[in-house]
Amino acid sequence: KKNLVIILLSFAISRLILTEELTVDPTLTEILHVGLEGEVKLEASELEAVSLDFGRLSSKGEALAVVRPASADDVVRVVKAAYNRPPFAVSARGHGHSINGQADTRMKGVVIEMGRGSRVNFLPRVYENEMYVDVWGGELWIHVLKATLEYGLAPMSWTDYLYLSVGGTLSNAGISGQTFNHGPQISNVFELDVVTGKGEVLTCSEHHNSDLFHAVLGGLAQFGIITRARIALQPAPQRVRWIRILYSDFSTFSKDQEFLISLHGKPARQRFDYVEGFVIVDDGLVNNWRSSFFSSSNPVKISSINAEGGVLYCLEITKNYHQGNDDSADEEIQALLKKLNFIETSLFTTDVGYVDFLDRVHKAEVKLRYKGLWDVAHPWLNLFVPKSRIEDFDKGVFKGILGNKTSGPILIYPMNKNKWDHRSSAVTPDEEVFYLVAFLRSAVDAETLEYLSNQNRQILRFCHDSKIKVKQYLPHYTTLEEWKDHFGDKWTQFNAMKMQFDPQRILATGQRIFDFEP
Ligand code: FAD
């Protein structure tokens, strides 16, 4: 059957070549002859689908073919073919939840869709005694969670949203409210199988091929395609007390957040398990897609709280516990809350199952999809801001540039640099504590998109002019100079690793870091 498909496709291509005056790219014929077990898709609808991502900001659509591998060997076959002369570009696509076309390919290359589909050979494999799980690089975190929970175990470090692929988040960092305590997801990986830009499969870890291991983690997909990741596990809690408290004063808010993350490494009973927060600048909570938490039964109306400068800050914390241990969880929470200086009347608590908490953003997704508000443009901006300048950022951006229209949640929470492995490719500011500030905005029309994109530029300009040394998370730049500046001290190593593992610069051209010349 496979041969028949190849013959038919080759026939179709030769027809195309004849009718389109030999304009069809040799990449296509190349890819059809590498003997894949999986699928090759050439239909316009498939090519268009991989040119769109969550950001919906560009849809250049330069892919010539989409490959759905049936095994890691298929990934090797495609990359090997791409590495040969004349080379062609190859990008892995996880779940396509990038903002700026990072998972797309430039220069008429091939996109490898890493999604597992229904393939059982890619299912997560849990090693209970060793406390880790081996997962396919295209696996979604929601499935990793469900598979490991069967054994009462779970990974330690998460993202807020679980419909992201393992390879996609490990290429960036993978951060959420657990990062202060466990580090980002890239700090919780034991081993990887990586198909490098030369088509070799290398197993790498802290002790074996460690250069590749550290380069790939946070490496924006520049050195190889992750086909397997070994992820650390811990016993999973069953329930979560989920708490939100409000502040009208930024410095009290940030002091409390910094105090809570300074408890990292303490026994679980002496700290929270998750620390995040968000900024409320407009009619925010009503329009905020994470607002379901505040129900009409809440004792205090948010609007009754006086916000200085029109801005409120919400600190979000959780305590994990096992069924039956409610009382001790409550005691631990009370002891910690006593040390915080929030607006007393603004304590909101809810209690949910562990999966419900981790999968909370998906609930918002379902609602937004229903309203037609999910598949819209997302001009997101994610910044790491050094602690020493976060007050200036508050004054200049939250109380200045933003005005009263943000069009989506603005997250803000601090992390400790010592939980990040400095050998990884991920870039953070040059201070021990830094904040994630995430402007997660949606634009339903061109005018709003223009307005929000302008505001993003203003924010970046403000940071530049005020010498606030921010680093972009999920970075997007278009010139080499900007990339060099982004990587700073890490650039020399990053560039050297590129020459070693992807010398033809065929991988992840959608990131626009290195120029690919066919
Ligand atoms: P894709 O967009 O498919 O790919 C991203 C990059 O990774 C591309 O360069 C691609 O080539 C590469 N890649 C994909 N698979 C592989 C692989 N197997 N091997 C090597 N490279 C690969 N991030 C956080 O850290 N924390 C959050 O809380 C968070 N929340 C989010 C919520 C939403 C709703 C969205 C849309 C994004 C969120 N993100 C968050 C950002 C997200 O982690 C990144 O955009 C991530 O890259 C998306 O994963 P993906 O599988 O969709 O990747």
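For the structure itself, look to the data block above.
Residues numbered from 1 in each chain as written. Predicted model: local features only at pLDDT ≥ 70, side-chain atom pairs only at ≥ 80, totals over all residues. Heavy atoms only, no water.

Caption draft 1: Inspection of the pairing of strand S17 (residues 410-416) at higher detail. Burial analysis of S17 places seven of its seven residues in the buried class, the great majority of the element. In S17, alternate side chains face the same way, and those of Ile410, Ile412, Pro414 and Asn416 on one face and Leu411, Tyr413 and Met415 on the other are all buried. Direction of pairing for strand S13 (residues 274-280) relative to S17: antiparallel, over a ladder of two bridges. Note on S17: the bridge partner recorded for Phe278 is Leu411. Sheet topology places S17 next to strand S18 (residues 433-439); seven bridges connect them, and they run antiparallel. Note that in S18 the partner of Tyr413 across the bridge is Leu436. (Buried < 20%, exposed > 50% of the residue type's maximum accessible area, 1.4 Å probe, protein only. Helix = DSSP H or I, 4+ residues; strand = E, 2+ residues; numbered from the N terminus. Pairing = 2+ DSSP bridges.)

Caption draft 2: How the structure looks around the sheet that holds strand S6 (residues 132-136). Read across the sheet, five strands follow the order S5-S6-S10-S8-S9 without closing on themselves; strand pairing throughout is antiparallel. In the strand order of this sheet, the two ends are held by strand S5 (125-127) and strand S9 (201-205), each with one partner. Taken over all neighbouring pairs, the strand axes of this sheet differ in orientation by 20° on average, direction set aside. Taken together, the five bridges between strand S8 (residues 189-196) and S9 define a ladder with antiparallel strand orientation. Bridge pairing links Leu192 to Cys204 in S9. Contacting S5, S6 and strand S10 (224-232), helix H5 (residues 141-149) crosses the sheet at an angle of about 140° to S6. (Axes fitted to C-alpha atoms, helices over the stretch in contact; angles between N-to-C directions. Contact = heavy atoms within 4.5 Å.)

Caption draft 3: Focus on the sheet that holds strand S2 (residues 65-68). Sheet architecture is open: four strands sit in the order S1-S2-S4-S3, paired in mixed fashion. Whereas interior strands pair on both sides, the edge strands pair on one side only; in this sheet they are strand S1 (39-41) and strand S3 (90-93). For this sheet the average axis-to-axis angle between neighbouring strands, irrespective of direction, equals 25°. Sitting on the sheet, helix H3 (residues 44-51) touches S1, S2, S3 and strand S4 (110-113), and the angle it makes with S2 is about 80°.

Caption draft 4: Quick look at the site of the ligand. Neighbouring residues of the ligand: 33 residues in total, closest Ala92, His97, Ser98, Ser165 and Tyr473. The contact in question runs from an oxygen atom of the ligand to an N or O atom on the backbone of Gly94, over 2.7 Å. Interatomic distance of 3.0 Å between a side-chain N/O atom of Asn172 and an oxygen atom of the ligand. Put simply, the parts of the chain that give the shell around the ligand at least two residues each are S3, helix H6 (166-170) and S10. Here the shell around the ligand is built from residues that sort into 14 nonpolar, 17 polar and two charged. Two domains each provide a minimum of three residues to the shell around the ligand, namely domain 1 (2-114 + 504-511) and domain 2 (120-235). (Near = heavy atom within 4 Å. Polar contact = N/O pair within 3.5 Å; in protein donor to acceptor, adjacent residues only side chain to side chain. Nonpolar A, V, L, I, M, F, W, Y, C, P; charged D, E, K, R; others polar. Domains from an automatic or database assignment.)

Caption draft 5: Region of the structure containing the packing of aromatic side chains. Evaluation of the coordinates by the stated rule reveals 30 aromatic pairs. Measuring from centroid to centroid gives 6.0 Å for Phe250 and Phe253, while their planes differ by 45°, and the two rings are tilted. Of the two residues, Phe250 and Phe253 both sit in helix H9 (residues 250-261), three residues apart, roughly one turn of that helix. In this pair, the class of Phe250 matches that of Phe253, namely buried. (Phe/Tyr/Trp six-rings, centres within 6.5 Å; stacked < 30°, edge-to-face > 60°.)

Caption draft 6: Representation of the nonpolar core in the model. One finds Leu170, Ile175 and Leu192 to be the most contacted residues of the largest nonpolar core, which totals 75 residues. Two domains each donate at least three residues to this core, and these are domain 2 (120-235) and domain 3 (239-472). If you look at the next biggest cluster of nonpolar residues, it comprises 41 residues, including Phe180, Leu315, Leu381 and Cys463. (Core = buried A, V, L, I, M, F, W, Y, C linked by side-chain atoms within 4.5 Å.)

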